[in-house]
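Chain by chain, the residues run as shown.
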Amino acid sequence: MCGIIGIVSNKELTSNNFKNALNKLKHRGPDDEGYLLYNGKDILQCSGSDTIETLKRQISLIDNVSNFKQFLFLGHRRLSIIDLSPAGHQPMEYNDSNLWIVYNGEIYNYKELRNELEKDGYIFKTHTDTEVILASYLRWGYECLNKLNGMWAFCICDKRKSILFCARDRFGIKPFYYYFDGDSFAFASEIKALIDLPFVNTSDNSEAIIPYLYFGLHDFGEQTFFQGIKQLLPGHYLIFNINTKSIELKKYYEIRFNPELGTYDEGNAKVYSEQFFNLFKDAIRLRLRSDVSVGTSLSGGLDSSSVVCMMSHLLKTEPEYQRVIGKKIKSFTADFQNFHLSEKKICR
């Protein structure tokens, strides 16, 4: 989990506005802090109080910026999972600083994509999945989303085209909220990072609030409790044109019904089960790619129990996974005293 934020505005904003907004996301990324300011010509990278020490000595402190007239701002709070070195610092650049990204998530097939891109001549300076997204965008454009296996919310600033390319994963695992009033544009991982920006309209949205209070509904499509703030829907991307100040929304993914899967042949039950086992094993194997220890939530239900069993299987059959799992699987169960939803009894 990381925190991302971006602002494009000609309004009078100070570096304090940016810093305070990003601080609202500190809990999402305690390991590093990064800023990028852009005025249409020059780029200035800045550090904050939580920036990795080795980088603090190389880039300006955001508090000391006063005379840089930026109109575009990107900010990032990092929770380090892959490539824990300072090389994973964000905002991250690629292609001679023509592309910059802030990103929250994990691309599980980043090693396979990296190998494919290296064969096409693309060069990498880090071991992060973040850099793989940038190279994938440079190689395939918007179609890069169809190559990614994972969960993500990111924004790529493409200086060549003067656009922001923002995307959310297929099922909306990672959050992405945005505000646009025809002039100023801003996005963030959480609404709380947007509501204190001076140009954001925080009028209440009765179309969401009333159904929530009266019916207990939680899904309002792109609507939120605030009239001016929307969420980018799962399986969608957004293009913000910096020059024309316009937004284009596009759906890139939807589940399609496959009629061939609707027929079940009992004689092929063993084949089906083997196919499912291999797919499930591959999904767990990919999610164990990490430079930190990996644990799992265990509620005692079929889904979480299956994940723990597969992790145990991999631990026994492929000892290299001990590096991230440990000798014993670390599982976490929610326990509430005197509450019927406690998972403790189920998991004993």
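Relevant structure appears above.
An account of the accompanying structure is given in this report.

Scoring rules and cut-offs
Residues numbered from 1 in each chain as written. Predicted model: local features only at pLDDT ≥ 70, side-chain atom pairs only at ≥ 80, totals over all residues. Heavy atoms only, no water. Patch = residues over 30% accessible without salt bridge, like charges linked within 9 Å, V, L, I, M, F, W, Y side chains within 5 Å. Areas by Shrake-Rupley, 256 points an atom, 1.4 Å probe, with all protein chains shown as cover. Salt bridge = Lys/Arg side-chain N within 4 Å of Asp/Glu carboxyl O. Helix = DSSP H or I, 4+ residues; strand = E, 2+ residues; numbered from the N terminus. Buried < 20%, exposed > 50% of the residue type's maximum accessible area, 1.4 Å probe, protein only. Pairing = 2+ DSSP bridges. Polar contact = N/O pair within 3.5 Å; in protein donor to acceptor, adjacent residues only side chain to side chain. Contact = heavy atoms within 4.5 Å. Axes fitted to C-alpha atoms, helices over the stretch in contact; angles between N-to-C directions. Expected span 1.5 Å × (residues − 1).

Side note on a nonpolar patch on the surface
Point 1. On the surface, Ile210, Tyr214, Phe215 and Leu217 cluster together to form a nonpolar patch covering roughly 500 Å² of accessible area.
Point 2. The residue tyrosine 214 is located in helix H5 (residues 206–215) in this model.

Comments concerning the pairing of strand S5 (residues 72–78)
Point 1. Of all seven residues that make up S5, seven are buried, and the element is covered over most of its length.
Point 2. Here S5 shows no split at all, with Leu72, Leu74, His76 and Arg78 on one side and Phe73, Gly75 and Arg77 on the other all buried.
Point 3. Pairing of strand S1 (residues 3–8) with S5, which is carried by six bridges, proceeds in the antiparallel orientation. Paired with glycine 6 across the two strands is leucine 74, which belongs to S5.
Point 4. Across seven bridges, the pairing between strand S2 (residues 32–38) and S5 is antiparallel. Residue leucine 36 lies in a different strand from S5, and its bridge partner there is leucine 74.

Let's talk about unusual backbone geometry
Point 1. Note that the residue after glutamine 90, namely proline 91, is joined by a cis bond; omega there is 0°.
Point 2. Mapped onto the elements, proline 91 comes out in the loop between S5 and strand S6 (92–94).
Point 3. In this structure, asparagine 95 takes a positive phi of about 60° despite not being glycine.
Point 4. In this structure, asparagine 95 sits in the loop between S6 and strand S7 (99–107).

So, the side chain of arginine 28
Point 1. Its location among the elements puts arginine 28 in the loop between helix H1 (15–23) and S2.
Point 2. Among the polar contacts made by the side chain of arginine 28, one reaches the main-chain carbonyl oxygen of cysteine 2 at a distance of 2.8 Å.

Examining the sheet that holds strand S3 (residues 43–47)
Adjacent strands of a sheet form backbone hydrogen bonds with each other and so pair up, either parallel or antiparallel.
Point 1. Strand order in the open sheet made by the eight strands is S4-S3-S2-S5-S1-S11-S10-S12, with mixed pairing throughout. Of all the strands in the sheet, just strand S4 (60–61) and strand S12 (229–231) have a single pairing partner and so form its edges.
Point 2. As judged from the two bridges shared by S3 and S4, these two strands associate in the parallel manner. Along S4, the bridge assignment pairs serine 47 with leucine 61.
Point 3. Running at roughly 145° to S2, H1 makes contact with S1, S2 and S5 of the sheet.

A word on the sheet that holds strand S8 (residues 150–158)
Point 1. Read across the open sheet, the six strands follow the order S6-S7-S8-S9-S13-S14; overall the sheet is antiparallel. Looking at which strands have only one partner, the edges of the open sheet turn out to be S6 and strand S14 (246–251). Along the sheet, successive strands turn relative to each other by an average axial angle of 20°, direction set aside.
Point 2. Relative to S7, S6 runs antiparallel, the two being bridged by three bridges.

Thoughts on helix H4 (residues 129–140)
Point 1. Spanning twelve residues, H4 covers 16 Å between terminal C-alpha atoms, matching the ideal 16 Å at 1.5 Å per step.
Point 2. Where burial is concerned, most of H4 is hidden: ten out of the twelve residues are buried.
Point 3. Turning to H4, its buried residues are Asp129, Thr130, Glu131, Val132, Ile133, Leu134, Ala135, Ser136, Tyr137 and Trp140.
Point 4. Where H4 is buried, its residues meet S6, S7, helix H3 (110–119), S8 and strand S9 (163–168).
Point 5. The N-cap residue of H4 is threonine 128: its side-chain oxygen and the backbone nitrogen of glutamate 131 are 3.1 Å apart.
Point 6. The positive-phi residue at the C-terminal boundary of H4 is glycine 141, with phi of around 65°.

So, the pattern of salt bridges
Point 1. Per the stated rule, a full pass over the model turns up 21 salt bridges.
Point 2. Across the pair glutamate 222 and lysine 230 runs a salt bridge whose closest N-O atoms are separated by 3.6 Å.
Point 3. Glutamate 222 sits in the partly exposed class, given a relative accessible area of 26%.
Point 4. Where arginine 285 meets aspartate 282, a salt bridge forms, and the shortest distance between an N and an O atom there is 2.2 Å. Of the two residues, arginine 285 and aspartate 282 are both situated in helix H6 (residues 269–287); the distance of three residues between them amounts to about one turn of the helix.
Point 5. Here the salt bridges share partners, and the residues they tie into one network are Lys26, Glu33, Asp50 and Arg77.

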